[in-house]
Amino acid sequence: MEKKNIDWGNLGFGYMPTDYRYVSHFKDGAWNAGELTTDSNVVINECAGVLQYAQTCFEGLKAYTTEDGRIVTFRPDLNAERLEQSAVRLRMPVFPKERFLEAVDQVVKANAAFVPPYGSGATLYLRPYMFGSDPVIGVKPATEYQFRILVTPVGPYFKGGVKPLTVRISDLDRAAPHGTGHIKAGLNYAMSLYNIVDAHEQGYDENIYLDPGTRTYIEETGGANIIFVTKDNKVITPKSDSILPSITRRSLMTVAKDYLGLEVEERPVALSEVADFAECGLCGTAAVISPVGKIVDHGREIAFPAGMEKMGPITQKLYDTLTGIQMGRLEAPEGWIREIK
Ligand SMILES: *Cc1c(COP(=O)(O)O)cnc(C)c1O
């Protein structure tokens, strides 16, 4: 298969239309067979549920070319399960896991020419999403839905080298107690936009959100979970019902324990103890881990020992091991890698 003529190493993180996307329609209580389409436009009624009451949720995962030239996805079963949880919470019909996995395979295979080659640092980003598509004016769930997957090649996240981030403790919340912080819903992002633009204007890369109930515990950023490394090399991640369960973070905790032999802990992490930690990183599909160099809490600076030039040593090991597994350089735990054939 001939690859597209794309400057893979210089791609950013943006949308580029590819040849095919997947779509299945839900109507009269059932999903239809689903198909690939070349049409990148979605035509829906002006009163569609998604447009009026934001009834939509999504996923994000990547396809990679491994060192030996296979095309693989990383733990797509967990994306299927998380999309199911999001759909249930938003009163949307569940797109079955087996069908989700087949749709991922189908859309990646059809766009194989857009899967960046091994070593380019680029990957194919997949965005599964679903939304209510028929007219809704009284507040209630839609009765018709679309499940779609679009794919787009994205460039290496750390172009020109790793740059540790400066993040601030946010004064706004991203999730309410007993709200929707734990599902991957567009609504959680809409209300974070004001705050991320403000953070950038003030010179910060990200917002760290505190627990919405007491505002004393660390939760996560707008789109990434957080891990900390203690001075005696324990890997800690905050536990809370309003954190989105990141697949990258869950995988990193397994890597820390089973590949690196480190102690791991998922527990509430108070803002007051962060200054004692040795390393901090943000984790998600896009970057795997972005190191945090500095947290600013209303003028009080918490600087981590690794500084502003490079990842901390444990963060680096976690990053190298997980990307090694994804790129097929290291043996993966059972079921983590799904080959597209
Ligand atoms: C998607 C997302 C993450 C990262 O999850 P991954 O499965 O690792 O990509 C973290 N936090 C929020 C709020 C998210 O929406």
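Structure shown above.
Residues numbered from 1 in each chain as written. Predicted model: local features only at pLDDT ≥ 70, side-chain atom pairs only at ≥ 80, totals over all residues. Heavy atoms only, no water.

### Focus on the layout of surface pockets
Link 1 in the chain: Volume-wise, the largest pocket comes out at about 1,100 Å³.
Link 2 in the chain: Tyr189, Glu206, Gly223, Ala224 and Ala286 are, among the 43 residues lining the largest pocket, the residues nearest its centre.
Link 3 in the chain: Mapped onto the lining of the largest pocket, the elements with two or more residues apiece are strand E7 (123–132), helix H4 (186–190), helix H5 (193–201), strand E10 (206–208), helix H6 (247–259) and strand E14 (279–284).
Link 4 in the chain: Within the lining of the largest pocket, the residues separate by chemical class into 19 nonpolar, 15 polar and nine charged.
Link 5 in the chain: If you add up the space inside the second largest pocket, you get close to 390 Å³.
Link 6 in the chain: Every residue lining the second largest pocket is counted, 27 residues in all, and those nearest its centre are Gly121, Thr123, Tyr319, Thr323 and Met327.
Link 7 in the chain: For the lining of the second largest pocket, the secondary structure elements donating two or more residues are strand E5 (61–65) and helix H7 (313–326).
Link 8 in the chain: At four residues, the largest contribution of residues to the lining of the second largest pocket is made by H7.
Link 9 in the chain: Among the residues forming the lining of the second largest pocket, the class breakdown is 15 nonpolar, nine polar and three charged. (1 Å grid on protein atoms, 1.4 Å probe; cavity = no way out; pocket = protein on both sides within 12 Å on 5 of 7 lines; lining within 4 Å. Points joined across faces, edges and corners; volume = space filled by probe spheres on them. Helix = DSSP H or I, 4+ residues; strand = E, 2+ residues; numbered from the N terminus. Nonpolar A, V, L, I, M, F, W, Y, C, P; charged D, E, K, R; others polar.)

### Remarks on the pairing of strand E1 (residues 21–27)
Link 1 in the chain: Most of E1 is tucked away, with five of its seven residues classed as buried.
Link 2 in the chain: Bridge analysis of E1 against strand E3 (residues 35–37) gives three bridges, and the strand direction is antiparallel. By the bridge assignment for E3, Arg21 is matched with Thr37.
Link 3 in the chain: Bridge count for E1 against strand E8 (residues 145–154) is five bridges, and the pairing is antiparallel. Considered in E8, the bridge of Tyr22 is made with Ile149.
Link 4 in the chain: Looking at chain direction, E1 and strand E2 (residues 30–31) are connected through two bridges and run antiparallel. Within the sheet, the bridge partner assigned to Phe26 lies in E2 and is Trp31.
Link 5 in the chain: Once E1 ends, the chain turns through two residues before running back antiparallel as E2, passing Asp28 with a positive phi of about 50°. (Buried < 20%, exposed > 50% of the residue type's maximum accessible area, 1.4 Å probe, protein only. Pairing = 2+ DSSP bridges.)

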